[in-house]
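# Structure assessment
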Amino acid sequence: MTIQEAEQTWAGGLRLEGDVLVIGGGPAGTWAALTAASHGARVVLADKGYCGTSGATAPSGTGVWYVEPDREAREEARQSRFGLGGRLAEEDWMNRVLDRTYENMNRLSGFGYPFPKDEAGRPYRRGLQGPEYMRLMRRLVQKAGVTILDHSPALELLGDAHGVGGARGVRTQTGEAWEVRAGAVIIATGGCAFLSKALGTNVLTGDGYLLAAEAGADLSGMEFSNAYGISPVFSSVTKTAYYRYATFYYEDGTEVEGAGSARGRSVIARQLLAGRQVYARLDKAPEDVKPLLRVGQTNFFLPFDRAGIDPFTDLFPVTLRLEGTVRGTGGIRIADESCRTAVPGLYAAGDAATRELICGGFTGGGSHNAAWAMSSGSFAGEGAAAYAHSLGPLAGRRELKGLSSTTVTAASAGDRSDRPKEHIRAVQEEVMPYDRNLFRTEAGLRASVGRLDGIWRDIRSGASSLGAHAVQAREAAAMTATARWMYRSGLARTETRGMHKREDYPEQDSGQHYRLRSGGLDEVWVQPEPLRKEVAAQ
Amino acid sequence: MIELISESRCVQCSRCVDVCPTNVFDKGEDGIPVIARQSDCQTCFMCELYCPADAMYVSPDAEAAAGVTEESLEAQGLLGGYREKVGWGPGRKPVSAHEYMYQLAARSIP
Ligand SMILES: Cc1cc2nc3c(=O)[nH]c(=O)nc-3n(C[C@H](O)[C@H](O)[C@H](O)COP(=O)(O)OP(=O)(O)OC[C@H]3O[C@@H](n4cnc5c(N)ncnc54)[C@H](O)[C@@H]3O)c2cc1C
Ligand code: SF4
Ligand code: SF4
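Residues numbered from 1 in each chain as written. Chains lettered and ligands numbered in written order. Predicted model: local features only at pLDDT ≥ 70, side-chain atom pairs only at ≥ 80, totals over all residues. Heavy atoms only, no water.

Let us now look at the domain arrangement of chain A. Residue and element names in this part refer to chain A. When its domains are assigned, chain A resolves into domain 1 (14-225 + 325-396), domain 2 (230-322) and domain 3 (408-509). Placing a centre on the C-alpha atoms of domain 1 and another on those of domain 2 gives a separation of 31 Å. Listed per partner, the contact involves 11 residues of domain 1 and nine residues of domain 2. Here domain 1 and domain 2 share an interface that buries about 880 Å² over both sides, 42% of which is from carbon and sulfur atoms. The three residues of domain 1 that bury the most area against domain 2 are S196, L199 and R327, which together make up 41% of that side's buried surface. At the boundary of domain 1 with domain 2, the tally comes to zero salt bridges. Joining domain 1 to domain 2, the criterion identifies seven residue pairs in polar contact (both at pLDDT 80 or more). Looking at the side of domain 1 that touches domain 2, its residues break down into six nonpolar, three polar and two charged. (Domains from an automatic or database assignment. Contact = heavy atoms within 4.5 Å. Buried area = accessible area lost by both parts, 1.4 Å probe. Salt bridge = Lys/Arg side-chain N within 4 Å of Asp/Glu carboxyl O. Polar contact = N/O pair within 3.5 Å; in protein donor to acceptor, adjacent residues only side chain to side chain. Nonpolar A, V, L, I, M, F, W, Y, C, P; charged D, E, K, R; others polar.)

So, on to the site of ligand 3. Near ligand 3, the surroundings consist of B:I5, B:C10, B:V11, B:Q12, B:C13, B:S14, B:R15, B:C16, B:P33, B:C51, B:P52 and B:M56. Counted by class, the shell around ligand 3 contains nine nonpolar, two polar and one charged residues. (Near = heavy atom within 4 Å.)

Quick look at the confidence of the model for chain B now. Mean pLDDT over chain B works out to 92, with 98% of the residues at or above the 70 mark. Scored by ipTM, the complex comes to 0.96, with pTM at 0.97. (pLDDT = per-residue confidence, 0-100.)

Tallying the contact residues gives 45 residues for chain B and 52 residues for chain A. In total, about 4000 Å² of surface goes out of reach between chain B and chain A, with carbon and sulfur atoms giving 61% of it. Taken as a group, B:Q42, B:Y102 and B:L104 account for 16% of the area that chain B buries against chain A, more than any other trio of residues on that side. Where chain B packs against chain A, one counts four salt bridges. Among the ionic pairs, A:D288 bridges to B:R107, the shortest N-O distance being 2.4 Å. Where chain B touches chain A, the interface holds 16 residue pairs in polar contact (both at pLDDT 80 or more). Among the secondary structure elements, those contributing two or more residues to the side of chain B that touches chain A are α1 (15-19), α2 (46-50), β4 (56-58), α4 (82-86) and α5 (99-108) of chain B. The biggest single contributor to the side of chain B that touches chain A is α5(B), with eight residues. (Helix = DSSP H or I, 4+ residues; strand = E, 2+ residues; numbered from the N terminus.)

It is worth spelling out the nonpolar core at this point. Formed by 181 residues in total, the largest nonpolar core has its most connected members in A:L108, A:L157, A:Y243, A:F248, A:L346 and B:F25. The element best represented in this core is helix α11 (residues 368-391) of chain A, accounting for 12 residues. Grouped together as the second largest cluster of nonpolar side chains are seven residues, A:W10, A:L155, A:A470 and A:V471 included. (Core = buried A, V, L, I, M, F, W, Y, C linked by side-chain atoms within 4.5 Å. Buried < 20%, exposed > 50% of the residue type's maximum accessible area, 1.4 Å probe, protein only.)

A separate point is the UniProt feature "active site" (unreviewed entry) in chain A. Residue and element names in this part refer to chain A. Following the UniProt record, the feature "active site" (unreviewed entry) maps to R265 here. Turning to its location among the elements, R265 is positioned in helix α7 (residues 265-273). R265 sits in the partly exposed class, given a relative accessible area of 22%. Apart from the residues within four sequence positions on either side, R265 is in contact with Y228, G229, I230, T240, G260 and L320. (UniProt positions renumbered as here; feature names shortened; annotations may be inferred.)

Our focus in this paragraph is the pattern of salt bridges. Side-chain pairing between opposite charges can occur once the charged atoms of the two side chains come close. All names here are of chain A. For the structure shown, the criterion picks out 48 salt bridges over all chains. With a closest N to O distance of 2.8 Å, E179 and R15 form a salt bridge. Placement of the pair is E179 in strand β8 (residues 177-187) and R15 in strand β1 (residues 14-23), with a sequence separation of 164 residues. The class for R15 is partly exposed, based on a relative accessible area of 43%. Through salt bridges with shared partners, one network takes in R15, E156, R168, E179 and R181.

Time to look at the sheet that holds strand β13 (residues 316-324) of chain A. Two strands in a sheet stick together by hydrogen bonds in their backbones, pointing the same way (parallel) or opposite ways (antiparallel). All names here are of chain A. The strand order across the open sheet built from four strands is β10-β13-β12-β11, with neighbouring strands paired in antiparallel fashion. Of all the strands in the sheet, the pair left with one neighbour each is β10 (227-232) and β11 (247-249). When strand polarity is set aside, the average angle formed by the axes of neighbouring strands in this sheet is 45°. In this sheet, strand β12 (residues 278-281) lies alongside β11 in antiparallel orientation, the contact comprising three bridges. Its bridge partner lying in β12, T247 is registered against R281. (Pairing = 2+ DSSP bridges. Axes fitted to C-alpha atoms, helices over the stretch in contact; angles between N-to-C directions.)

Residue and element names in this part refer to chain A. Taken together, 39 residues sit near ligand 1, with D47, S54, T57, D351 and A370 positioned nearest. Between ligand 1 and T57 there is a distance of 2.6 Å, counted from an oxygen atom to a side-chain nitrogen or oxygen. The separation between an oxygen atom of ligand 1 and a polar main-chain atom of N369 is 3.2 Å. Protein contacts shield 97% of the accessible area of ligand 1, which totals 990 Å² for the unbound molecule. If you list the elements that add at least two residues to the shell around ligand 1, you get α2 (27-38), β3 (62-63) and α11. The dominant element in the shell around ligand 1, judged by the number of residues it contributes, is α11, at four residues. When the residues that make up the shell around ligand 1 are grouped by side-chain class, the tally is 13 nonpolar, 20 polar and six charged. (Areas by Shrake-Rupley, 256 points an atom, 1.4 Å probe, with all protein chains shown as cover.)

A cluster of acidic residues, A:E68, A:D70, A:E72 and A:E76, forms a negative patch on the protein surface. By relative accessible area, A:E68 is classed as partly exposed at 39%. (Patch = residues over 30% accessible without salt bridge, like charges linked within 9 Å, V, L, I, M, F, W, Y side chains within 5 Å. Lys, Arg positive; Asp, Glu negative; His and termini not counted. Charge placed at Lys NZ, Arg CZ, Asp CG, Glu CD.)

It is worth spelling out helix α6 (residues 207-215) of chain A at this point. All names here are of chain A. In terms of residue burial, α6 counts as a mostly covered element, since nine of its nine residues are buried. Along α6, the residues that are buried comprise D207, G208, Y209, L210, L211, A212, A213, E214 and A215. Once α6 finishes, G216 follows within two positions and takes phi at roughly 105°, a positive value.

It is worth spelling out α2(A) at this point. All names here are of chain A. Helix length check: α2, at 12 residues, gives a terminal C-alpha distance of 16 Å against a target of 16 Å (1.5 Å per residue), a fit within 8%. Of all 12 residues in α2, 11 are buried; the element is thus mostly enclosed. The complete set of buried residues in α2 reads P27, A28, G29, T30, W31, A32, A33, L34, T35, A36 and A37. Buried positions along α2 lie against β1, β2 (43-46), α4 (91-111), α5 (130-143), β8 and α11. Among the residues trailing α2, G40 stands out with phi positive, at a value near 85°. (Expected span 1.5 Å × (residues − 1).)

Given below as structure tokens:
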């Protein structure tokens, strides 16, 4: 098929124009859409799944980094994870995010989110229940006049000499192609959990990283990508926080020494690696806390109730599921305070963007991610709306082309239709094992990088046909690219910092107190980025 | 994984088809949705939550199909119920507003 024919195929589907296109409809995407619309932009939001139920927050709920603007409380909040994150965060960014999160959470109250009340009857705003929160966000986005395209994954960005100006994708329920031209595009596609089935994360395959890199943007902190969550073996619910109430056991009922939900996760991983099943029981939960726990995270208990297990009294087998960059911190590098990327017209927010700015090399969940999603979303919404308006008459006169590095055509993909599945399985074999990703070594990372490069070459050598098949092919490409940036960055950081653990370099090295930028498609590159001295907090 | 759509309970509203993030369902010819791509299910329970008729059952196991029957689920009282726990549906109070939410947070912060 010629390029012209391919162009016509895309043109045959749904075509829309707007000022701002938001790709992804989780908290970051919905805050971005809402904010851009309130700044007078015509906004289109496209989600791979359904805006309101899709992504990591929707089925879960999150603690939120909501801190009163009190000097001491704010100082404590800034310090809380600064050391743990390897001192890579920036004070300015922490302050901006704390301010914006505070503001946005208060606005949510006004919008009708039913916060619980404290003893004094004041709304208690440090957490959000995912289903309730995201249902409300969808309503607000609709009310703001945003056009929502559900079940519409983006497959490639559009761009020209002026930068990025739209995207294309497919509508998975009808098979129709879509194209949106817009002055600015915000990538809010979440992180990458490599189809591990950790709660709500199977739509998160690193698509946004790949889209951005294809347009010429770079990434940062990709070595901080090895978060694993504890879940029962028979369930997808990775809510590690509740395992603070757990004791871990071997089959014979003896305790696993040193195992825990915070620092003891590695101990669990080592036992599992050695082929020993680990069990848990929430026997450290005080009697009076049990009913609170049941209400606090309703769906934590759903699997147990259905499997006929009482987690407070019965032992149940556990595993560690990869949550990758979802609870890691790496992502698209942010170039300025408007959440712009290195490419004009392209913005990034939420898990798709690096969170090193506020938590360095460690999130592991717990509040920072949710705060980042809502505040970076609204920064990007403002930035993108302003940028789109600044384009003026240029907006209508652009010569946009698809930027995908892999070919998506209307022709049949022939006998390659099973390739994406094979690629996905092959990538999972590199990133899921604890002894490759959690406990990293030079030899292990090198071997993986070699195999991942081979997968990438195979992907690049073929085309995939437009439709459901293309979605999976792009997911395979995005997962492969993500893994390559992760492991090349992991190789470059010859120390242990944040969540990046090198078995061969177990100490933090003060000589490597910098961030790592990465990028590139066929040739992956990694480069240290010195911290700006004046903004690094003490 | 999603295991079952109860034909007797389903009111054919297609909400599950709309809301499933991984597009597991197809619209059925008779109006009752079909579980068309079960292995794509990520066990997020969102379809169950949005189903107004408590007509769906998502088994907790994310890797393999459990092969349940409607009768056995009914007998064990396992069909539906997630909506009730989350406080969704007419006349229910959302669990988000429950005073335990605050009490738990107050207890957990060291
Ligand atoms: C079990 C669990 C518990 C967590 N608990 C906490 C917590 O307590 N506190 C905390 O701060 N954080 C927590 N997190 C992390 C938090 O959920 C995320 O940081 C947050 O959801 C990020 O929001 P987001 O909008 O960037 O991404 P998401 O909410 O993941 O949304 C991304 C959206 O992009 C869409 N998308 C993906 N690819 C494409 C594409 N190609 N085209 C179009 N759309 C696309 C997806 O469908 C999805 O809707 C938790 C995560 C998990 C998995
Ligand atoms: S549990 Fe989630 S992924 Fe599975 S069918 Fe229901 S909505 Fe879809
Ligand atoms: S949401 Fe429930 S009632 Fe509606 S179509 Fe689906 S199964 Fe039937």
